[in-house]
Amino acid sequence: PASGAGSKCTAGSINGSKPPPVSFDDAKKLAQVYAHGVTVSDDLLEAIVERVDGSVRYCCINLARIRDEALVLGEDRMGLGQWGGRGFYSDHSEGQPE
């Protein structure tokens, strides 16, 4: 088939398979890009991974949000304690505290 005609493409997957869930190690690497300039603590990364149900997309959204919050506060580090009661974006929460 020319230019993919007849092939099935599912958003977020390759050949219809579901991508692997985001891991702590993945989140740590993604933080270097999406929270550039801010050191995100391991406890905050673990909380993100736990709450995003394996979604790389939501992991990235939350890391970018952490960076934004840190910059507003004039911080170059962000930990779970500093994050406080702020929520995390996921399929279920829309960024509201859980």
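Basis of the calculations
- Residues numbered from 1 in each chain as written.
- Predicted model: local features only at pLDDT ≥ 70, side-chain atom pairs only at ≥ 80, totals over all residues.
- Heavy atoms only, no water.
- pLDDT = per-residue confidence, 0-100.
- Contact = heavy atoms within 4.5 Å.
- 1 Å grid on protein atoms, 1.4 Å probe; cavity = no way out; pocket = protein on both sides within 12 Å on 5 of 7 lines; lining within 4 Å.
- Points joined across faces, edges and corners; volume = space filled by probe spheres on them.
- Nonpolar A, V, L, I, M, F, W, Y, C, P; charged D, E, K, R; others polar.
- Axes fitted to C-alpha atoms, helices over the stretch in contact; angles between N-to-C directions.
- Helix = DSSP H or I, 4+ residues; strand = E, 2+ residues; numbered from the N terminus.
- Parallel < 35°, antiparallel > 145°, perpendicular 65-115°, else oblique.
- Left-handed = near helix turned anticlockwise from the far one by under 90°.
- Phe/Tyr/Trp six-rings, centres within 6.5 Å; stacked < 30°, edge-to-face > 60°.
- Buried < 20%, exposed > 50% of the residue type's maximum accessible area, 1.4 Å probe, protein only.
- Lys NZ or Arg CZ within 6 Å of the ring centre and 35° of its normal.
- Core = buried A, V, L, I, M, F, W, Y, C linked by side-chain atoms within 4.5 Å.
- Expected span 1.5 Å × (residues − 1).
- Polar contact = N/O pair within 3.5 Å; in protein donor to acceptor, adjacent residues only side chain to side chain.

On to the confidence of the model for the protein chain. Summing up the model confidence of the protein chain, the mean pLDDT is 85 and the portion of residues at 70 or higher is 78%. Within the model, the stretch residues 1-11 combines pLDDT values under 50 with 1 contact to residues more than four positions away or in other chains.

This next bit is on the layout of surface pockets. Approximately 220 Å³ is the volume found for the largest pocket. For the largest pocket, the full set of lining residues is Lys18, Pro19, Pro20, Pro21, Val52, Asp53, Gly54, Ser55, Val56, Arg57, Tyr58 and Asp91. Here the residues of the lining of the largest pocket sort into 6 nonpolar, 2 polar and 4 charged.

Let's shift gears to the packing of helix α1 (residues 24-34) against helix α3 (residues 56-73). At their nearest, the axes of α1 and α3 sit 9 Å apart, and the two run at 50° to each other. As far as their axial angle goes, α3 and α1 are oblique. The handedness of the crossing between α1 and α3 is right-handed. Residues Ala27, Leu30, Ala31 and Tyr34 of α1 form the contact with α3, whose participating residues are Val56, Cys59, Cys60, Leu63, Ala64 and Arg67. Of the residues that constitute the contact of α1 with α3, the class distribution is 9 nonpolar, no polar and 1 charged.

One pass over the structure, following the stated rule, counts 1 aromatic pair. Measuring from ring centre to ring centre gives 5.9 Å for tryptophan 83 and phenylalanine 88, while their planes differ by 25°; the resulting arrangement is stacked. Each of the two residues, tryptophan 83 as well as phenylalanine 88, counts as buried. In this structure, arginine 57 is placed above the aromatic ring of tyrosine 58, and the distance from its NZ or CZ to the ring centre is 4.9 Å. Of note, arginine 86 hangs over the ring of tryptophan 83, and the distance from its end group to the ring centre comes to 5.3 Å.

Membership of the largest hydrophobic core comes to 22 residues, with the highest contact counts inside it found for Val40, Leu44, Ile48, Cys59, Leu63, Ile66 and Met78. Elements with a minimum of two residues in this core: α1, α2 (42-51) and α3. Per-element accounting of this core gives the leading share, 6 residues, to α3. The contacts of isoleucine 48, once residues within four sequence positions are left out, are Cys59, Asn62, Leu63, Ile66 and Phe88.

So, about α3. Residues that lie three or four places apart on an α-helix share one face, since the helix turns once every 3.6 residues. Its 18 residues place the ends of α3 26 Å apart at the C-alpha level, agreeing with the 26 Å of an ideal helix rising 1.5 Å per residue. A side-chain oxygen of the first residue of α3 lies 3.4 Å from the backbone nitrogen of arginine 57; this N-cap is serine 55. Looking one or two residues past α3, glycine 74 carries a phi angle of roughly 75°, positive in sign.

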